[in-house]
Amino acid sequence: MKKSKHAVETKNLTINWGGVNVLNQINFKLNDGENVLVSAAAGAVGSVVCQIAKAKGCKVYGTSGSDEKCKWLEEELGIDKAINYKKVENLISEYRAQINGGIDVYFENVGGDHLEAGINILNVGGRIALCGMIDQYNDEAVRSGPSNLMMLIMKNTYIILVYSFILEFYKKYNRHT
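I will try to describe carefully the structure that is included in this document. (Residues numbered from 1 in each chain as written. Predicted model: local features only at pLDDT ≥ 70, side-chain atom pairs only at ≥ 80, totals over all residues. Heavy atoms only, no water.)

### Here we look at the overall build of the chain
This is how it is decided: Segments assigned H or I by DSSP are reported as helices when at least four residues long, segments assigned E as strands when at least two residues long, and all are numbered from the N terminus. Classification of residues uses two cut-offs on accessible area relative to the type maximum, computed with a 1.4 Å probe and protein chains only: under 20% is buried, over 50% is exposed, and between them is partly exposed. Note on contacts: a residue pair is in contact if any heavy atoms of the two residues lie within 4.5 Å. Computed with a 1.4 Å probe, the accessible areas rest on the Shrake-Rupley method; for each residue, only the protein chains presented here act as cover.
Secondary structure summary: the chain contains seven helices and six strands in total. Listing each helix as α and each strand as β along the chain from the N terminus yields α-β-α-β-α-β-α-β-α-β-α-β-α. In the chain, which comprises 177 residues, the proportion classed as buried is 45%. Pairs at least 24 residues apart make up 63% of the contacts formed inside the chain by residues separated by at least 6 positions. Surface accessibility of the chain: about 9800 Å² in total, with carbon and sulfur atoms responsible for 50%.

### Overview of the pairing of strand 2 (residues 59–64)
Formally: Paired strands are those between which DSSP finds at least two bridges. Orient the strands so they point away from the viewer, and a crossover whose first-strand-to-second-strand path over the helix runs clockwise is right-handed.
For strand 2, the buried fraction is high: five of the six residues fall into the buried class. Where strand 1 (residues 35–38) and strand 2 come together, four bridges link them in parallel fashion. When the bridges of strand 2 are listed, Leu37 appears paired with Tyr61. Handedness of the crossover joining strand 1 and strand 2 through helix 2 (residues 44–55): right-handed. Pairing analysis gives four bridges linking strand 2 to strand 3 (residues 81–84), with the strands arranged parallel. For Thr63, the partnering residue across the bridge sits in strand 3 and is Ile83. One crossover worth recording links strand 2 to the parallel strand 3 by way of helix 3 (residues 67–75), and it is right-handed.

### Brief notes about the side chain of Asn35
Spelled out, the test is: Polar contact is defined as a pair of N or O atoms within 3.5 Å, subject to the rule that within protein one atom must be able to donate a hydrogen and the other to accept it, and that residues adjacent in sequence are counted only when both atoms are side-chain atoms.
With respect to the secondary-structure elements, Asn35 resides in strand 1. For Asn35, a relative accessible area of 4% gives the class buried. Polar side-chain contacts of Asn35 include one of 2.8 Å to the backbone oxygen of Asn100. Leaving out residues up to four positions away in the same chain, Asn35 has contacts with Lys59, Tyr61, Ile99, Asn100, Gly101, Gly102, Ile103, Asp104 and Val105.

### With respect to the pattern of salt bridges
Operational definition: Counted as salt bridges are all cases of a side-chain nitrogen of Lys or Arg within 4 Å of a carboxyl oxygen of Asp or Glu.
As enumerated under the stated definition, the model contains five salt bridges in all. Between Arg127 and Glu34 there is a salt bridge whose closest N-O contact spans 2.9 Å. Here the residue Arg127 occupies a position in strand 5 (residues 122–130), and Glu34 occupies one in the loop between helix 1 (13–23) and strand 1, the gap between them amounting to 93 residues. Glu34 carries the same exposure label as Arg127, and that label is buried. Salt-bridge contacts for Lys87 lead to Asp67; the nearest nitrogen and oxygen are separated by 2.4 Å. On the criterion of sequence distance, the pair formed by Lys87 in the loop between strand 3 and helix 4 (91–98) and Asp67 in helix 3 is long-range, its members being 20 residues apart. On the accessibility criterion, Lys87 (60% relative accessible area) is exposed. Given the relative accessible area of 43%, Asp67 is considered partly exposed.

Structure, rendered in structure tokens:
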């Protein structure tokens, strides 16, 4: 597993364990040829998810905020396409242009516009892993959610929270409780 040179070195095993565990769940298993989109793909969690999805035979797409990170994702991790979201006017249009056939799995680390765009191009029966919402971590006020949440019901979407696995891991392995 290649370590992200863009990730904060203090990310711990718990976060990566949660992401890996989600990808191995019965209803979340990755299938050969599926389209997987990972937001914040060059980060500690995103880069691990990208590598797992590639190893499972998926077509992997990722977002990042710089050309350097996008180049690293494509050349070092071998993902199919990295999208620099800072250079894109409309994420939904860009995703549709870059990802042929929509997405089957969306690994969410960012939230906001990224989540809304991911929901829009998610295929019927698609799966979403909600891991992070870095777009909102420093907000002082609560923001409105995506305007297209009804699509999740219409598309029969399976959603899983990575946090629940982190909590399980903590309870299981924290010897101080």
